[in-house]
Amino acid sequence: MTSAMNRYIRVIQPGPMTLVQDRGRVGFQQLGVSVSGAVDADALAIGNLLVGNDRMAAGLEMMLGGLEIEFSMPTVFAVTGADVGATVDEVPVATHVSYLAHAGAHLKLEMVHRGLRAYVAMAGGIAVSKTLGSRSTHIPSKLGGIEGRMVMEADLLPLGDPGGSAVSGLWFDDGKRAAIPSELNVRIVLGPQDDEFSSSGVETLLGSTYTVTDQSNRQGLRLDGPVIESKSGRYDIISDAVVNGSIQVPGDGKPIILLADRQTTGGYAKIATVVTVDLPELGQASPGTNITFTAISVDEAQQLLVQQDLMISSSALVRLIEPISLHVDTERVSVGVSGNGMALMAYVQGDIYPISIDEYTPAE
Amino acid sequence: MLEMTSIEGDANLYPRLVPAGDSAVVIELGAKIDPLINDQVYVLARSIENAKIEAISELVPTYRSVLVNYDPLIMRFSEISERLDKLIGDSSTPTAAETKDTKVIELSVVYGGDDGPDIDAVADHAGLSVQEVINIHSGVDYRVYMIGFSPGFPYLGGLDDRIAIPRLKTPRISVPAGSVGIAESQTGVYPNASPGGWQLIGRIAAKLFDEASPRPSLITPGSKVRFVPVKSHD
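Definitions and limits used
Residues numbered from 1 in each chain as written. Chains lettered and ligands numbered in written order. Predicted model: local features only at pLDDT ≥ 70, side-chain atom pairs only at ≥ 80, totals over all residues. Helix = DSSP H or I, 4+ residues; strand = E, 2+ residues; numbered from the N terminus. Buried ≥ 20, exposed ≤ 12 C-beta atoms within 10 Å, placed from the backbone. Contact = placed C-beta atoms within 7 Å. Domains from an automatic or database assignment. Nonpolar A, V, L, I, M, F, W, Y, C, P; charged D, E, K, R; others polar. Pairing = 2+ DSSP bridges. Axes fitted to C-alpha atoms, helices over the stretch in contact; angles between N-to-C directions. Parallel < 35°, antiparallel > 145°, perpendicular 65-115°, else oblique. Left-handed = near helix turned anticlockwise from the far one by under 90°. Core = buried A, V, L, I, M, F, W, Y, C linked by C-beta atoms within 7 Å. pLDDT = per-residue confidence, 0-100.

1. Digging into the overall build of chain A
- Counting secondary structure elements, chain A contains 6 helices and 23 strands.
- Burial analysis of chain A (364 residues in total) assigns 52% to the buried set.
- Pairs at least 24 apart in sequence give 74% of the contacts found in chain A among residues at least 6 apart.

Below is the structure:
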C-alpha cells in the first residue's frame, strides 16, 4: 500500500444521511445528468478554506446529525454549516475552526441545533474516484460518491494528499453564519417565465410568507402558502432546462424551489430564480422555516455574488493559538485566542461567542 | 408525420433572451414543439459551443430553447447577452447542410412477450394486429428533441398517432432498464430500472447510459433514433 492509501477515514456511524459532495457534476446536463453537489456550497467552501484545500474539494455532508468517523492518520479537519455539537475523543470542538485530529481519533457530530446540514472538510479532500468529473453523490441516479449511495457504517473513504498548507487553529470569522435564522428573506430575480403568471400571481409570491414543508429534500423545497395565479389557469410549459434555485409553480399553485439534486429539465413554469448568494441558506432550511421573497435585478444579484466571493477568502481567516479546553462553572468551554491578541472566541455547547480582551500576555 | 402541439405564444416574441437567475440565461426560439425550431436550437447550441466563450460552463438544449450556464465572476449579464445576441442573429436560419447530416442511432428491439407486456393492449386500443403495431413503431425515425429527466433519457418525437395510447392507470413500481414504451403521442426508452406508467411494447439490450464511458449517452440530443425489430437479444 502506498502512503496515500493509508490516509482514510473509517465510518463508525453514518447518521440518517451522510453523503460525499463536492461542487457538483458540471457539463453533462444536456445528457440528463443532474448537477448535485453540496446544498450549502458556502459551508463546504469555508471548510475547504480552513483545511487548505481547493475551494470545492469533496467533503462529507451530514443531514441532522449522528455522524462518527475515525481518522487513520493525523488529519486537519473543520466542521462547518449547521450549528452542531462536535467532539474529538469526547473533547468539544468548535465549528468553523480547523483542528488536527490524531491517528485513531474519533470525530463525533451530535444532532444539529439550528440548520439542517453540517459539513466535514478534511485536508486533502475525500479522494473516492470521480464519476463524470465529480465525486458528488446523486442518489436518484445512483451516481458518484461511494457506488452512488449514502455513506454507510464501516465504509473506508480515502483522503487525498494534504499538501503543505493545512494548519490547525484557523477560525473563519463570519458573523452571518453564526446564526441561522428561522425566518428567511430570499432574494430572487423574476423569470424566466414570470410572464406566464398574472400580475396578482407575482404579487402573491412577493407579498406572502411561505413555509418549508416536510416534502422537501436535496432535489427541492416544496413550499406551502397562498396559491400563485397563472394567466391562463395552466402551469405547464414545454419542458425546458432548470437551474439551481429555479422557482417552479406546479398545478396546485404552490412554489417549489429546486436545489442541487434537481432533474435537468422540468415542465412547470418558473416564476423566478433564487440568487446564488441566497442558495446556501436554503440548504439549511428545515421544515417549518418561513420564507419571504424580494425581487432584485440581475445586476444587483451579480454584485452580491462578487462581494460574497471576496468574503470567502483567506483574509477572513483568523489565526488562533491552538484552542484549549477548560472548565468554567463546571461547563466545558473551548477558548481560542488569535496570535496578535485581537480576537478571541469561546465555544460553549455548540455556540461560538466572540470575546474582547483588555490585556493579553502570550504564554511562552 | 409529426404532431404539432401548439400552445399560445406570439411568434414575434422569438427569439428572446431572458435571465434565469444570476448565472444563466435562456434563449427561447419558439413556444411549440416543432422540428424546425428544434433544428435551430441545435444549430445555435453548436455555434455557441464553437464560440468558446470562457465564462460559459455548459449548455442545455431543449425542445425550443437553449439554457446557457455561465460564471458571472468572469462575464456579467449585459456582456454575455451581447455576445449571445450576435450568435443568435448569425444562426437564425439554419442551412440545409447544417441540419441534414443528422446521426441515426439504430436500437435493436425485442417486441412483445415478457419484454413488451402491454403490446396486446396497444394493438387492441389501436384496432390493429401486434405485427402492425411493430411495423408502425419501427417504421419511422424518431427525432431526439432533448435528453432530460434522468441520465440518457431521450424525449422522442414522431410517434404515429395510430398507436398512441394513454399511460397505465396504475404505474409499475419497477420498469426494467431498456424498456420501450408509449405514453400518449410519445415513445421512449427507460435507460435505468425505475417506476413508470408508460405502456411497454418491447425492450432493447443496449445500455443507453454508461457513466464510465467517454461518451456516456448512446443517444445524443439532436440525433435520430430508429427501432429495429429482432427476435431475441442473444
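2. A few points about the domain arrangement of chain A
All names here are of chain A.
- For chain A, the domain assignment lists domain 1 (3-178) and domain 2 (183-311).
- Between domain 1 and domain 2, the residue contacts involve 19 residues of the former and 14 residues of the latter.
- Elements with a minimum of two residues in the side of domain 1 that touches domain 2: helix H2 (41-50), strand S5 (75-88) and strand S8 (106-122).
- Considering only residue class, the side of domain 1 that touches domain 2 consists of 7 nonpolar, 9 polar and 3 charged.

3. Considerations on the sheet that holds strand S16 (residues 256-258) of chain A
Residues and elements named next belong to chain A.
- Read once around its circumference, the closed barrel built from 7 strands follows the order S11-S18-S15-S16-S13-S12-S19, with strand pairing classed as mixed. The average angle at which neighbouring strand axes cross in this sheet is 40°, direction not considered.
- With 3 bridges connecting them, strand S11 (residues 183-190) and strand S18 (residues 270-274) associate as antiparallel partners. Note on S18: the bridge partner recorded for isoleucine 188 is valine 274.

4. Let's talk about the domain arrangement of chain B
Residues and elements named next belong to chain B.
- Along its sequence, chain B is organised into domain 1 (5-100) and domain 2 (104-229).
- Taking the mean C-alpha position of each, domain 1 and domain 2 sit 29 Å from one another.
- Among the elements that line the side of domain 1 that touches domain 2, the one with the most residues is helix H1 (residues 35-51), at 3 residues.
- Of the residues contributing to the side of domain 1 that touches domain 2, the split by class is 5 nonpolar, 2 polar and no charged.

5. Structural notes on the packing of H1(B) against helix H2 (residues 77-90) of chain B
Residue and element names in this part refer to chain B.
- Between H1 and H2, the least distance of the axes is 10 Å, while the angle of their chain directions is 130°. Judged by the angle between their axes, H1 and H2 are oblique. You can see that H1 and H2 cross each other, and the crossing is right-handed. Note on element contacts: H2 touches H1 through Leu84, Leu87, Ile88 and Asp90, opposite Leu44, Ser47, Ile48 and Ala51.
- Grouping the amino acids of the contact of H1 with H2 by side-chain chemistry returns 6 nonpolar, 1 polar and 1 charged.

6. A word on the pairing of strand S13 (residues 220-224) of chain A
Residue and element names in this part refer to chain A.
- Judged from the 2 bridges that link them, strand S12 (residues 210-212) and S13 form a sheet pairing that is antiparallel. Looking across to S13, one finds that threonine 211 is bridged to aspartate 224.
- Here S13 runs beside S16; their pairing, made up of 3 bridges, is antiparallel. Opposite arginine 222, over in S16, you have isoleucine 256 as the bridge partner.

7. Structural notes on the nonpolar core
- If you look at the biggest cluster of nonpolar residues, it comprises 158 residues, and the most contacted ones within it are A:Phe77 and B:Val68.
- When near neighbours in sequence (up to four residues on either side) are disregarded, A:Phe77 contacts A:Val51, A:Tyr99, A:Ala101, A:Leu107, A:Val120, A:Ala121 and A:Met122.

8. Brief notes about the interface of chain A and chain B
- Contacts between chain A and chain B engage 35 residues on the former and 37 residues on the latter.
- Looking at the side of chain A that touches chain B, the elements that each hand over two or more residues are strand S14 (236-241), S18 and helix H6 (298-311) of chain A.
- The element that contributes the greatest number of residues to the side of chain A that touches chain B is H6(A), accounting for 7 residues.

9. A closer look at the environment of A:Glu229
All names here are of chain A.
- Topologically, glutamate 229 is positioned in the loop between S13 and S14.
- The spacing of glutamate 229 and glycine 253 is 24 residues in sequence and 6.6 Å in space, taken between C-alpha atoms.
- Ignoring anything within four residues of it in the chain, the contact list for glutamate 229 reads Phe197, Ser198, Ser200, Gly201, Thr204 and Gly253.

10. Side note on the confidence of the model for chain B
Residues and elements named next belong to chain B.
- With 91% of its residues at a pLDDT of at least 70, chain B reaches an overall mean of 90.
- Within the model, pLDDT remains below 50 along residues 1-9, and this stretch shows 18 contacts once partners closer than five positions in the same chain are excluded.
- Across the predicted assembly, pTM comes out at 0.88 and ipTM at 0.88.

11. Things to note about the pairing of strand S7 (residues 104-111) of chain B
All names here are of chain B.
- Two strands pair when backbone bridges link them, and S7 and strand S15 (residues 224-229) are joined in this way by 6 bridges, in the parallel orientation. The partner of serine 108 across the bridge, within S15, is valine 228.
- Looking at chain direction, S7 and strand S14 (residues 199-204) are connected through 3 bridges and run antiparallel. Note that in S14 the partner of tyrosine 111 across the bridge is glycine 202.

12. Focus: unusual backbone geometry
- A cis amide bond links A:Gly191 to the next residue, A:Pro192, at an omega of 10°.
- Note on placement: A:Pro192 falls in the loop between S11 and helix H4 (199-207).
- With an omega of 0°, the peptide bond between B:Tyr14 and B:Pro15 qualifies as cis.
- In this structure, B:Pro15 sits in the loop between strand S1 (5-6) and strand S2 (16-19).
- Non-glycine residue A:Glu90 carries a positive phi angle of around 75°.
- Topologically, A:Glu90 is positioned in the loop between S5 and strand S6 (91-93).
- By the C-beta count within 10 Å, which is 8 here, A:Glu90 ends up exposed.
- The backbone of A:Ala154 sits at a positive phi, close to 80°, despite the residue not being glycine.
- Structurally, A:Ala154 can be placed in the loop between S8 and strand S9 (156-158).
- Among the residues examined, A:Ala154 registers 8 C-beta atoms within 10 Å and is labelled exposed.

13. Some details on the sheet that holds S2(B)
All names here are of chain B.
- Across the sheet, 4 strands lie side by side as S2-S3-S6-S5; this open sheet has antiparallel pairing. What marks the edges here is a single partner per strand, and that holds for S2 and strand S5 (56-61). Each adjacent strand pair in this sheet contributes to an overall mean axis angle of 20°, direction not counted.
- In this structure, S2 lies alongside strand S3 (residues 24-28), joined through 4 bridges in antiparallel fashion. Within S3, the residue paired with arginine 16 across the bridge is glutamate 28.
- Contacts from H1 reach S3, S5 and strand S6 (65-70) within the one sheet, and its direction differs from that of S5 by about 170°.
- Packing of H2 onto the sheet brings it into contact with S2, S3 and S6, and relative to S3 it is tilted by some 25°.

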